[in-house]
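Here is how the chains run, residue by residue.
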Amino acid sequence: MKKIILLAAITLMLGGIVNGQTSENVVKGMHGGVVFGSQDLKFEFVEKGSDVLVYPIAADGKILKAVPTAAEITIVSIALKNAETFKEVSFADGCFKVTRSDSELPLYIVSINTFLNEKRYDAKYVIPNVQVK
């Protein structure tokens with residue numbers, strides 16, 4: 001019961017996230033990561049050790065002509081109490097990059113909130129087959 005309440009709290013904490021994706025509809029991006037997001041703006045999530053990279057891409061999978069300049073990224077590991085939120089993450093080298101403090105725990109959820117052309121975009125990706133603790 002505690003796990004369900006904690007999961008519900010984390011979900012509400014990530015409020016406004018509108019497009020969760022699971023293993024049924026996974027698409028691989030050009031950086032080898034998983035593509036998720038809305039019909040207008042998508043993101044490619046790539047995990048490299050303790051680094052998490054999120055590439056904003058056009059809905060058709062191509063590079064954007066105009067890119068968001070900053071984003072808020074929340075990383076939730078399998079130990080739900082270890083959620084990390086990175087605010088005002090700058091766009092550099094084609095992506096938003098954050099470094100997890102506890103990379104030994106597998107990821108459970110990656111979410112991003114950003115603005116492009118004065119429109120807010122919220123998206124999350126739930127990593128499939130993760131046993132939540």
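Our subject is the structure listed above.
Conventions adopted
Residues numbered from 1 in each chain as written. Predicted model: local features only at pLDDT ≥ 70, side-chain atom pairs only at ≥ 80, totals over all residues. Heavy atoms only, no water. Core = buried A, V, L, I, M, F, W, Y, C linked by side-chain atoms within 4.5 Å. Buried < 20%, exposed > 50% of the residue type's maximum accessible area, 1.4 Å probe, protein only. Helix = DSSP H or I, 4+ residues; strand = E, 2+ residues; numbered from the N terminus. Contact = heavy atoms within 4.5 Å. Polar contact = N/O pair within 3.5 Å; in protein donor to acceptor, adjacent residues only side chain to side chain. Pairing = 2+ DSSP bridges. 1 Å grid on protein atoms, 1.4 Å probe; cavity = no way out; pocket = protein on both sides within 12 Å on 5 of 7 lines; lining within 4 Å. Points joined across faces, edges and corners; volume = space filled by probe spheres on them.

1. Some thoughts on the nonpolar core
Phase 1 of the analysis: Core analysis: the largest hydrophobic core is formed by 33 residues, its most contacted members being F43, F45, V52, I73, I75, V110 and I112.
Phase 2 of the analysis: At the level of elements, β2 (34–37), β3 (41–48), β4 (51–58), β5 (70–77), β6 (84–92), β7 (95–99), β8 (107–116) and β9 (119–126) are the ones that each hand at least two residues to this core.
Phase 3 of the analysis: Looking at this core, the element that brings in the most residues is β8, giving 6 residues.
Phase 4 of the analysis: If sequence neighbours within four positions are ignored, F45 has contacts with G33, V34, F36, V52, L53, L107, V110, Y125 and I127.

2. With respect to the environment of R100
Phase 1 of the analysis: Examined against the element boundaries, R100 turns out to sit in the loop between β7 and β8.
Phase 2 of the analysis: Note on R100: relative accessible area 5%, which makes it buried.
Phase 3 of the analysis: R100 sits 25 residues away from I75 along the chain, and the two C-alpha atoms are 7.9 Å apart.
Phase 4 of the analysis: Look past the residues within four positions of R100 in its chain and what remains in contact with it is E47, S50, V52, I75, S77, E84, F86, L105, P106 and L107.
Phase 5 of the analysis: Among the polar contacts made by the side chain of R100, one reaches the main-chain carbonyl oxygen of D102 at a distance of 3.0 Å.

3. Details of the side chain of D122
Phase 1 of the analysis: Mapped onto the fold, D122 is located in strand β9.
Phase 2 of the analysis: Looking at D122, the relative accessible area reads 12%, which means it is buried.
Phase 3 of the analysis: At 2.7 Å, the side chain of D122 and the side chain of R120 are in polar contact.

4. A look at the sheet that holds β8
Phase 1 of the analysis: Taken together, 9 strands build an open sheet; the order of strands is β1-β2-β3-β4-β7-β6-β5-β8-β9 and the sheet is antiparallel. Taken across any chain shown, the strands that pair with only one partner, and hence form the sheet edges, are β1 (27–28) and β9.

5. Details of the layout of surface pockets
Phase 1 of the analysis: As a volume, the largest pocket reaches approximately 190 Å³.
Phase 2 of the analysis: Contributing to the lining of the largest pocket are P68, T69, A70, A71, E72, K87, E88, N113, T114, F115 and R120.
Phase 3 of the analysis: For the lining of the largest pocket, the secondary-structure elements that each account for two or more residues are β5, β6 and β8.

6. As for the environment of E44
Phase 1 of the analysis: Relative to the helices and strands, E44 is located in strand β3.
Phase 2 of the analysis: Residues E44 and G61 lie 17 residues apart in sequence; the distance between their C-alpha atoms is 9.1 Å.
Phase 3 of the analysis: With residues up to four places along the chain from it excluded, the contact list for E44 reads G29, M30, H31, G32, G33, V34, V35, L53, V54 and Y55.
Phase 4 of the analysis: A polar contact is formed between the side chain of E44 and the backbone nitrogen of H31, at a distance of 2.8 Å.

These values are about where atoms sit, not about what they do.
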